[in-house]
Amino acid sequence: MSYRGPDPLHPLILDDVRGAQKMLSGVARVTAMEGSRYLSSLVGAPVHLKCENLQRTGSFKLRGAYVRIAGLRPEQRAAGVVAASAGNHAQGVALASSLLGVHATVFMPVGAPLPKVAATREYGAEVRLHGQVVDETLAAAEEYAERTGAVFIHPFDHPDVIAGQGTVGLEILEQCPEVRTIVVGVGGGGLAAGIGLAVKSVRPDVKVIGVQAEGAAAYPPSLALGHPVSIESPTTMADGIKVGRPGDVPFRIVREYVDEVRTVSEDALSSALLLCLERAKLVVEPAGVSPVAALLSDPRAFQGPVVAVLSGGNVDPLVLQRILRHGMAAGGRYLSLRLRVADRPGVLANLLGVLSAVDANVLDVGHVRTDPRLGLTEVEVELHLETKGPEHCAEVESALRAAGYVVMAG
């Protein structure tokens, strides 16, 4: 396979994806398909998880990067390749280039997580840190390509990349031939376009549903207008799908082959990440759990059997810690309260006794004595509690009120 350019007269076809599958044999893993009893009970039909978070480099990106670089002409390979990425695409390009004996230069933002920078170097790429945001990093990579002749490897806006990502769809059909709905996260659209093309070309009866974060949802307005449009300052914890504008090449394919693009909230993303960790024992990044977030948000909207594509598992441990706290709070597992009590010995002990009686775990206690709204002999106590869910939260608040405390929101 070689680069043909985004020429609508020669569109991507199923044979391109099948050719990519042969090319990736022995390179990319055929990732596992795991059933989820919990999600199946919510949806009312079997739900399977396609675990691209267990792919080499930790995401599906290796597939498209390898197919794209493998299709370069000898003189292009000799010039090397260049990419810009904060994580998954960087690692995919690095490993693919190393396997193919091509020199890779990868530009990453200055603030990129250290584990991702280290992994990209370990896969064999020369890493250059530039810019505070990905747009600045991308501009530096494009300037480098123009100056040196290195081939720029786009993360999603290229037919060969989309063909490589489409091999995920072929694997799904082989592993779960009874599938009726496939749910996949959408950023620039490369993965959704590839899966949509591959699956619909073989099984037009299967629904393919894309998912975007609410704060970075460029596809719904683009599809409504019939052409890619940009959104200003996309914001989401799901960095892997935080793309401000659909790619031209994947957009045309998504418009034809993807049935619907939904959006999910940040709370849903964090809850989905927590669910994958607790129930499925899988570490998945926020972008990777977007299909699970869609299932949690509206479980009865999906005809089963359903396959949710977990597109990646590369998440910085510090970010994971924050997201897990957010997910526990969204799931009613944390409770923050403020109470005004008398400022005298023994009051705090009595308060903690009430909490102990209802089995609430105290994580943190704070005191405020200088608020002008407080009485002369009052103190405000701020409590952060670990609870067992929404019903337990209500039980804790009820017990405190029954004991005579005035409870305020945290």
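Anyway, here's the lowdown on the structure attached to this text. Treat the numbers as computed from the prediction; the structure is a model and nothing was measured. (Residues numbered from 1 in each chain as written. Predicted model: local features only at pLDDT ≥ 70, side-chain atom pairs only at ≥ 80, totals over all residues. Heavy atoms only, no water.)

1. Here we look at the nonpolar core
Right, so step 1: Core analysis: the biggest nonpolar cluster contains 64 residues, and I69, V81, V93 and I182 have the highest contact counts within it.
Right, so step 2: For this core, the leading source of residues is helix 9 (residues 190-202), giving seven residues.
Right, so step 3: Core analysis: the next-biggest nonpolar cluster, separate from the first, contains 38 residues, L49, M237, L295 and V315 among them. (Core = buried A, V, L, I, M, F, W, Y, C linked by side-chain atoms within 4.5 Å. Buried < 20%, exposed > 50% of the residue type's maximum accessible area, 1.4 Å probe, protein only. Helix = DSSP H or I, 4+ residues; strand = E, 2+ residues; numbered from the N terminus.)

2. Brief notes about the sheet that holds strand 3 (residues 81-84)
Right, so step 1: Strand order across the open sheet formed by four strands is 5-4-3-6, with parallel pairing between neighbours. Each of the sheet's edge strands pairs with one partner strand only, and the pair in question is strand 5 (126-129) and strand 6 (151-152).
Right, so step 2: Looking at chain direction, strand 4 (residues 104-108) and strand 5 are connected through four bridges and run parallel. Across the sheet, F107 pairs through a bridge with R128, a residue of strand 5.
Right, so step 3: In the packing of helix 7 (residues 134-148) onto the sheet, contacts are made with strand 3, strand 4, strand 5 and strand 6, and the angle to strand 3 comes to roughly 165°. (Pairing = 2+ DSSP bridges. Contact = heavy atoms within 4.5 Å. Axes fitted to C-alpha atoms, helices over the stretch in contact; angles between N-to-C directions.)

3. Side note on the environment of R255
Right, so step 1: Note on placement: R255 falls in helix 11 (residues 248-257).
Right, so step 2: Note on R255: relative accessible area 44%, which makes it partly exposed.
Right, so step 3: Counting along the chain gives 62 residues from R255 to A193, while the straight-line C-alpha distance between them is 8.6 Å.
Right, so step 4: Those residues in contact with R255 that lie beyond four places of it in its chain are L223 and G226.

4. Points about the sheet that holds strand 8 (residues 207-213)
Right, so step 1: With mixed pairing, the six strands of this open sheet are ordered in space as 1-2-10-7-8-9. The open sheet terminates on both sides in strands that have one partner only, identified here as strand 1 (33-35) and strand 9 (260-264). Adjacent strand axes in the sheet meet at a mean angle of 25° when their direction is disregarded.
Right, so step 2: Bridging between strand 7 (residues 181-185) and strand 8 involves five bridges; their strand directions are parallel. Directly across from G185, in strand 8, lies its bridge partner V211.
Right, so step 3: Against the sheet, helix 13 (residues 290-297) contacts strand 2 (47-51), strand 7, strand 8, strand 9 and strand 10 (306-310), and its axis sits at roughly 120° relative to strand 7.

5. Looking at the packing of helix 1 (residues 14-24) against helix 9
Axis angle and axis distance: for two packed helices, these are the angle between their axes and the distance between the axes, and together they describe the pair.
Right, so step 1: Close contact between helix 1 and helix 9 brings their axes to 9 Å; oriented N to C, the two are set at 110°. It follows from the interaxial angle that helix 1 and helix 9 lie roughly perpendicular. Where helix 1 crosses over helix 9, the two elements pack in a sense that is left-handed. Contacts from L14, V17 and R18 in helix 1 reach L197, A198, S201 and V202 in helix 9.
Right, so step 2: Taken together, the residues of the contact of helix 1 with helix 9 break down into five nonpolar, one polar and one charged. (Parallel < 35°, antiparallel > 145°, perpendicular 65-115°, else oblique. Left-handed = near helix turned anticlockwise from the far one by under 90°. Nonpolar A, V, L, I, M, F, W, Y, C, P; charged D, E, K, R; others polar.)

6. What to know about the packing of helix 1 against helix 8 (residues 159-175)
Right, so step 1: Contact pair helix 1 / helix 8: the axes reach a minimum separation of 8 Å and the direction vectors enclose 85°. Here helix 1 lies roughly perpendicular to helix 8, going by the angle between them. From helix 1, L14, D16, V17, R18, A20, Q21 and L24 reach across to helix 8, where they touch A163, G164, G166, T167, L170, E171 and E174.
Right, so step 2: For the contact of helix 1 with helix 8, the residue count by class is six nonpolar, four polar and four charged.

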